[in-house]
Amino acid sequence: MTCSFVSFLSASMALAESKPNLSHLQVSELVKRLFDLTPSQIHPLPSYDDQNFRLVVSEDNEYVLKVMNSEDSQNPTLLELQSHAMTFLHKKGLPAQTVLPTTSGQVMSLEDIDCGFGVQKYLVRLLTYLPGTTIAKVPCSPQILYEAGKMAAKMDTVLQEMEHPQLHVLQREKFIWSLSNIPLLEPYLHVMDGDPVQQVVKSVIQLYKTCVQPKLGSFRKCINHGDFNDHNILVQPDDSTGYKISGILDFGDMSSGYYVFELAIAIMYMMMENPTPLDVARDVLAGWESVIPLNEAERDALYLLVLCRFCQSLVVARHTVMQHPENKDYLMITTKAGISHLCRLWELGKEVVERRWFQNAAQYPGKEWPNVLQAQEV
C-alpha cells in the first residue's frame, strides 16, 4: 500500500474496487504483447490488493506477472524503486526477484484494461519466479528462525548501500505500516470498542510516545523491507536436515526506517503461528545480531516495538472487518493469534520478556559476531 493510515481508512472500499480481475485470456494476450512470451500454464497467486500469476512458459522458464491495483498504479516512482531494490539485492547475492523488461525495454507498463467495471489503468511487471515454499508451511525450527533473522539483517545492510535519484520517495511520512507512525493509530481505536485488548493497545501507544519516539534519533537509519513475514520468505531443504532461504518476496511496504524496526517486524511475524512463540525472538535475534549487534537504545526499544507491530496489525484488521464483513471469519482467525501473543507479552512485562530473549540469544549455540555494523551508533 502507498497511502497514509488516514487515507487508507477512508479509501479502503475504493482500493478493493480497484483490484484487477484479469481473465486468463487477457493475461495470455498481455504477456504476448508486452514480453513476447506464450505461457503454457497460468496459475493465480494470492494477493490482497493486486493480481498475481505464475506463468509457465517452458519446463525451465517460469515467471510471475504482477498487475498492480489502479490506486497504487498512480505511483510509478515508488514501484520503480521497489523493482530497483530487488535487482540491487539480487546483484549483491541475495535471493530477490528481478524484473524482466518489456520488449521496448521498460521495467513496467501502464495498461488500459477492462476487468468488468470499466477501463482502468494498471501497472504491469514481469518478475523472475523463485522456487521454494513459504516459511509458514515448514516446521519452524530454531535453525530456520536464526536464518530468517540473519537474512533480514543482511538485506537491510545491503539496501543501505543502494543509490537512486528518487530515494527520498521512500520517506513515506504517513505510511500506515511504518513503526515511526504508531500515534496515527489513536483516532481509529474505536474499531476495537468492547474488546478488552483495546486498553492494551492504548497503553502500548502511550508507552511508544513516551519511551520510544523521543529516542528515534539513537536508532541507526536504513531502508526497511517492512514486511519480512512468514509468507514473504521462501525456503528450500538444504544439504543437511534444515532449510535455506531461497527467496524474499513483496517489497510493497519498503520505506525509510531503522534497523531495529526490521528486527521487530520479523520477530512479530515469526511468532504468529509458532507453538512456542516466546522462544522465537531468541533465534531471530541471534541470527540478526550475528550481522548487526543492537546498540543500547535499540535493545531497550525492541520489546515495545514488537508490541507496536502487533497493534498495527490488529487495528488495521479490525477496520478491514468493518469494511468487508463478508470476510470476517477469515480475518478474525488471522488476528486471534496476534491478540493472544500481544496480551501474553504485555502480561509478562518488559523485564521478564527481555531477560528471556536476550539471555537466551546470548547463549545461542555456535553464535558468531562478525560485526558487519558496530554496536555503536553510526
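Residues numbered from 1 in each chain as written. Predicted model: local features only at pLDDT ≥ 70, side-chain atom pairs only at ≥ 80, totals over all residues. Heavy atoms only, no water.

Focus on the overall build of the chain
On a plain count of helices and strands, the chain comes out with 10 helices and 11 strands. For the chain, long-range pairs separated by at least 24 residues make up 76% of all intrachain contacts whose partners lie at least 6 apart in sequence. When the accessible surface of the chain is split by element, carbon and sulfur atoms take 51% of a total near 16,700 Å². (Helix = DSSP H or I, 4+ residues; strand = E, 2+ residues; numbered from the N terminus. Contact = heavy atoms within 4.5 Å. Areas by Shrake-Rupley, 256 points an atom, 1.4 Å probe, with all protein chains shown as cover.)

Things to note about the environment of Val169
Relative to the helices and strands, Val169 is located in the loop between helix H4 (142-159) and helix H5 (197-212). The class for Val169 is partly exposed, based on a relative accessible area of 22%. For the pair formed by Val169 and Thr77, sequence separation is 92 residues and the distance between their alpha carbons is 7.7 Å. With residues up to four places along the chain from it excluded, the contact list for Val169 reads Thr77, Leu78 and Leu81. (Buried < 20%, exposed > 50% of the residue type's maximum accessible area, 1.4 Å probe, protein only.)

Here's the deal with the packing of helix H6 (residues 259-271) against helix H7 (residues 280-289)
At a minimum axis distance of 9 Å, the contact between H6 and H7 shows a crossing angle of 145°. Where H6 crosses over H7, the two elements pack in a sense that is right-handed. Residue-level inspection shows Tyr259, Glu262, Leu263, Ala266, Ile267, Met270 and Met271 of H6 in contact with H7, the latter providing Val280, Ala281, Val284, Leu285 and Trp288. Here the contact of H6 with H7 is built from residues that sort into 11 nonpolar, no polar and one charged. (Axes fitted to C-alpha atoms, helices over the stretch in contact; angles between N-to-C directions. Left-handed = near helix turned anticlockwise from the far one by under 90°. Nonpolar A, V, L, I, M, F, W, Y, C, P; charged D, E, K, R; others polar.)

Points about the side chain of Asn232
One can find Asn232 in the loop between strand S8 (221-224) and strand S9 (233-237). Taking the relative accessible area as the measure of exposure, Asn232 reaches 9% and is therefore buried.

Digging into the packing of aromatic side chains
Under the counting rule described, the total for this entry stands at three aromatic pairs. Ring centres of Phe219 and Tyr258 lie 5.8 Å apart, and the angle between their planes is 80°; on these two criteria the pair is classed as edge-to-face. Of this pair, Phe219 sits in the loop between H5 and S8 while Tyr258 sits in strand S11 (residues 255-258), and the two are 39 residues apart along the sequence. Summarising the burial analysis for this pair, Phe219 and Tyr258 share the class buried. Judged by centre distance (6.5 Å) and plane angle (55°), the ring pair of Tyr303 and Trp357 falls under tilted. Of the two residues, Tyr303 is situated in helix H8 (residues 296-323) and Trp357 in helix H10 (residues 350-362); the sequence distance between them amounts to 54 residues. What makes Tyr303 buried here is its relative accessible area of 5%. (Phe/Tyr/Trp six-rings, centres within 6.5 Å; stacked < 30°, edge-to-face > 60°.)

Remarks on the packing of H4 against H7
It is the contact of H4 with H7, at a shortest axis distance of 6 Å, that shows an interaxial angle of 40°. Here H4 lies oblique to H7, going by the angle between them. Crossing of H4 over H7 shows right-handed handedness. Listed contacts from H7 to Pro142, Leu145, Tyr146, Gly149, Lys150, Ala152, Ala153 and Asp156 of H4 are Val280, Arg282, Asp283, Val284, Ala286, Gly287 and Trp288. (Parallel < 35°, antiparallel > 145°, perpendicular 65-115°, else oblique.)

Examining unusual backbone geometry
At Asp36, a position not held by glycine, the phi torsion is positive, near 55°. The phi angle at Arg172 is positive, at roughly 40°, despite the residue not being glycine. Turning to its location among the elements, Arg172 is positioned in the loop between H4 and H5.

Digging into helix H3 (residues 76-91)
With 16 residues, H3 extends 23 Å between its outermost C-alpha atoms, agreeing within 8% with the 22 Å of an ideal straight helix rising 1.5 Å per residue. Among all positions of H3, only Leu78, Leu79, Leu81, Gln82, Ser83, Ala85, Met86, Phe88 and Leu89 are buried. The elements touched by buried residues of H3 are strand S4 (99-100), strand S6 (119-128) and H4. Following H3 by one or two positions, Gly93 has its phi on the positive side, about 95°. (Expected span 1.5 Å × (residues − 1).)

Remarks on the pattern of salt bridges
Evaluated as defined, the whole model comprises 15 salt bridges. The partner of Arg318 in a salt bridge is Asp195, with the nearest N and O atoms 2.5 Å apart. Of this pair, Arg318 sits in helix H8 while Asp195 is found in the loop between H4 and H5, placing the two residues 123 residues apart along the sequence. Given a relative accessible area of 21%, Asp195 falls into the partly exposed group. A salt bridge links Glu298 to Arg220; its shortest N-O distance comes to 2.5 Å. Here the residue Glu298 occupies a position in helix H8, and Arg220 occupies one in the loop between H5 and S8, the gap between them amounting to 78 residues. Three or more residues joined by partner-sharing salt bridges are found here, namely Lys215, Asp300, Lys350 and Glu354. (Salt bridge = Lys/Arg side-chain N within 4 Å of Asp/Glu carboxyl O.)

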